[in-house]
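Inside the fold
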Amino acid sequence: MIQLNTFLTGALVCQTGSNMATIESILRENRIFPPANEFVRHANITGMKTYEALRQEAERDYAGFWAKLAKQYITWHKPFTRILDDTNPPFYKWFDDGELNISWNCLDRHLTTQANKTAIIFESDEGEVIRCSYRELHQRVCRFANGLKALGIRQGDRIVIYMPMRIEAVVAMQACARIGVIHSVVFGGFSAKSVYERIIDAGASAVITADEQTRGGKRHALKATVDEALAMGDTTSVHSVIVFRHTGTDIPWQPERDRWWHNLTASQSDECEPIWVNAEHPLFTLYTSGSTGKPKGVQHSSAGYLLGAIVSMQWVFDYHSEDIFWCTADVGWVTGHSYVTYGPLAIGATQVIFEGTPTYPHAGRFWEIIQKHRVTTFYTAPTAIRSLIKLGPDLPEKYDLSSLRLLGSVGEPINPEAWMWYYTVIGQSRCPVVDTWWQTETGSHMIAPIPGAIPAKPGSCTLPLPGIDAAVVDETGLPAEQGKGGFLVIKRPFPSMLRTLWNDPERFRNTYFPADIAGGHYYLAGDSAHRDQDGYFWIMGRIDDVLNVSGHRLGTMEIESALVAHPLVAEAAVVGKPHEIRGEVIVAFVVLRGKLPDDQQAAEIAETLREWVSSEIGAIARPEEIRFGENLPKTRSGKLMRRLLRSLARGETITQDISTLENPVILEQFSQTI
Ligand code: 6R9
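To keep things clear, this report deals only with the structure shown in the data block. Since this is a predicted model, take the numbers as computed values, not measurements. (Residues numbered from 1 in each chain as written. Predicted model: local features only at pLDDT ≥ 70, side-chain atom pairs only at ≥ 80, totals over all residues. Heavy atoms only, no water.)

As a further point, take the overall build of the chain. For the chain, the count of helices and strands is 22 helices and 30 strands. In terms of overall size, the chain behaves like a compact globule, its C-alpha atoms giving a radius of gyration of 24 Å where 674 residues would be expected to give roughly 26 Å. Here the C-alpha coordinates of the chain stretch approximately 75 × 65 × 60 Å along the principal axes. Here the chain holds 674 residues, and the buried ones make up 63% of them. A fraction of 72% describes how many contacts in the chain between residues 6 or more apart in sequence connect residues 24 or more apart. Carbon together with sulfur atoms contributes 50% to the accessible area of the chain, which is approximately 24,800 Å² in total. Of the charged side chains in the chain, 65 are positive and 77 negative, and the gap between their average positions amounts to 3 Å. (Helix = DSSP H or I, 4+ residues; strand = E, 2+ residues; numbered from the N terminus. Rg over C-alpha atoms; globule rule 2.2 N^0.38 Å. Buried < 20%, exposed > 50% of the residue type's maximum accessible area, 1.4 Å probe, protein only. Contact = heavy atoms within 4.5 Å. Areas by Shrake-Rupley, 256 points an atom, 1.4 Å probe, with all protein chains shown as cover. Lys, Arg positive; Asp, Glu negative; His and termini not counted. Charge placed at Lys NZ, Arg CZ, Asp CG, Glu CD.)

This is how it looks when you write it as C-alpha cells:
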C-alpha cells in the first residue's frame, strides 16, 4: 500500500506546484457573496440558522435524520425498518430490509400527478428538438425493458451501455434499473480496449450501443468500436448487442448477436411491471481511475444512491417544479448518472439533454440553448467555463439569460476568476453559484453551498451538506490546523456512498478506508483540502496519481501502462502540467527502446504515441507533450522522481536534490518539448 506520508508530500507538491496559481489567488480571496434577497425569498432552505439546525438534527440523531429523508423522498414498495447496518465496516448497508424500484421512483410515481409534464427537452448536435413527457418516457422505458427481458436478460445481469448523449441513453439506463439489471456506462469517447476491459470485468451479458454518435458536427463510430472490443478476447458472456439507429450509416452486422433497438421494442408492451429490489441491490457500476493501472468498478446501491441524488436536487439545486434544469455532463460520467438520469427524474423535473459541444456550430451554443429553453438551473464544469471566458463577454451578452436563477460547477476546482466571470457575466450577479465537491464514489454532492443559506466564496465549495461529516485531517486522522492542508475525509458512512469495488472488496477497503487513518473508519476521498477561519473547505487537488484533465479523472498509471505497451517504448512516466483552460494536460516522459531519436524522428514517434494512447484509452488521455530521454530520473532505491518530472514539465528551475541521478544529462534531454 502507498504510504500516507507519500500522499501528503504529493499534496504539498500540489500546493506549491500544479495548483500554485489557484492556491495563491485563493489565499488572497476574501470576497463573500451572500445569496441575493430575491433568491432567498423563494428558496427551499433559507438562512444559516436553518442550515445549522439541519446539521444539528443530523448530529443529534444521525440515523434518524437520514431515515426521515428516506421516507420523505423515496416511495418504498416495502418500507424499511432498519436504517444503518455498520456491523461489518467498511461494508455499510442502509435501509437494507426495504424494497423499491428506482425506475418506478423516477417515472411511475409521477404519472398520477404530472404525466404530461415534459421530462426531457432533447436538443441534437444539429439543433433538432425532441420533447418527451413523463408518460412517453415511461412507455419507452417499459418497451425497452420488455425487449431486454425478451433477450433473456434477468435481474442481477450486467449490461455495458456505450451510447451517444440522447434520450435513448437515459431509456437504456432506466430500463436496466426497472428490471434489476446492473448497468455500466462507458463514456462514448473511450476506446475499444476500454470497452473490452469493462465488459470483461463486469462479465456483461449484453452491450447497448448506437451505430454512431455525433458531436460538434463530427461523427464517431460506436458499433464498430464495440465489434472491435468484442473481438479482443473471450467475450462469450455477451450474447446480445443492441444497436440504436442514429446516423443510419452502414455497419457490420452479426445476425445471431446483433439486434436493432427499433426491432427489439416494436412489438413490446408499454407496460413493464418493475422488479422490486432490495435497497442494497447494486444499481450500477461505473469505472473510474485510481492510482493503479486498472480502473476501479465503483459499485452503487439503489436506495442510498437515489436518496443522495434527490436530496441534493432539493437542497443544492433548490429544485422548484417550474425549473428547467440543465446539466451538461455526459451520462458516461457520474455527474450524468446523478444529475441527468436519476436525480432530475426522481424529483419530477423538466431537464434539457444536449448531444453536442459548447461551441458548435457557433461559440454561443450554450447560451443559445439557455435562451431557447428558458433554462433556470445550469450545471457545468470549470473547463467549459474557462474555454467560454476566452471568447469574451460580448458573446453571452447577445443572448437573453434572464431565465437563469442558479448556476453550478463540478469536476475540478473552479479558480476564483472563472467563478467571478460565471457569477457576473452569466448569472448577472443575480444567481448563486454552487461549487459542488463530490466524486464518482460519493454518488452525490458532499460539500456544496445550500444556495439560499450559505454565503459563497469564489473558489471554495463552502460547507458540507447536513448529514455529511466531512473533515480535513493529518496522517493520523486528527483534525488539521486551520489553513493547513490535509486529507479530505468523511468520518461517517452516508447513504449515497459506494458500497464496494466490483469484484475487488480488498481494494475497496485499502483505497478508501486505509487502516493508518483513524483505524480505517474514515472514508478517504483522495483529495487534499484546507479549511479557513469560517470552516469553509478549499479543495487543493488529488493526493494520488490521478490527473484531472478537463474535469475528467485519468490515472497516470493507466496512461503509463498504455505507453509501455507500445513496442517502441521501454519506459514511461506521466505527469500533469497546469493548463489555462483544461485545468491540467498530460506530459509524458518516454524512454525508447534503442537510441535517442533525432528531432524529426522524435516528432514522428511522438505523434505515433499520441495516437496509440488515444486508441488504447480514448482521446481524452492523449498526451499534450511527449519528451524523450535516455532513462527516467530515479532515486537510489529506484523510485521514480515524479516531483522532478513535474518541475521539468512546467519548465521550473530545479530545486530538488539531484545528486542521486546517475545520468544528469537526462535533465537536459527531458527539458525539450516536442
Ligand atoms: C463529480 C466528479 C472526482 C474528483 C474529486 C476532485 C475533483 C470534483 C470538484 C473537484 C474541486 C470541485 N472535483 N468536483 N475538485 N472542486 N467542486 O467530478 O466525479 O469524476 O469521480 O472526480 O474531481 O479531485 O476527487 P469524479
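Further remarks concern helix α19 (residues 556–564). Taken together, the buried positions of α19 are T556, E558, I559, E560, A562 and L563. Turning to α19, the residues buried within the fold contact β26 (546–549), β27 (552–555), β28 (569–579), β29 (583–592), α20 (599–616) and α21 (642–650).

What follows covers the packing of helix α6 (residues 102–114) against helix α8 (residues 167–178). Contact pair α6 / α8: the axes reach a minimum separation of 7 Å and the direction vectors enclose 115°. Contacts from I102, S103, W104, C106, L107 and D108 in α6 reach Q174, A177 and R178 in α8. Here the contact of α6 with α8 is built from residues that sort into five nonpolar, two polar and two charged. (Axes fitted to C-alpha atoms, helices over the stretch in contact; angles between N-to-C directions. Nonpolar A, V, L, I, M, F, W, Y, C, P; charged D, E, K, R; others polar.)

Time to look at helix α17 (residues 416–426). Along α17, nine of the 11 residues are buried, which leaves the element largely enclosed by surrounding structure. Three or more residues of α17 are buried, namely P416, A418, W419, M420, W421, Y422, Y423, V425 and I426. Downstream of α17 by a residue or two, Q428 has a phi angle that is positive, lying close to 45°.

Below, the discussion takes up the sheet that holds β28. Ordered by their spatial adjacency, three strands build an open sheet running β28-β29-β30, and the pairing between neighbours is mixed. Looking at which strands have only one partner, the edges of the open sheet turn out to be β28 and β30 (625–628). Each strand axis lies, on average, 25° off the axis of its neighbour in the sheet, ignoring direction. Judged from the 10 bridges that link them, β28 and β29 form a sheet pairing that is antiparallel. Across the sheet, residue E571 finds its bridge partner in β29, namely V591. Across the sheet, α19 touches β28 and β29, and the angle it forms with β28 is around 140°. Lying on the sheet, α20 is in contact with β28, β29 and β30; it crosses β30 at an angle near 130°. (Pairing = 2+ DSSP bridges.)

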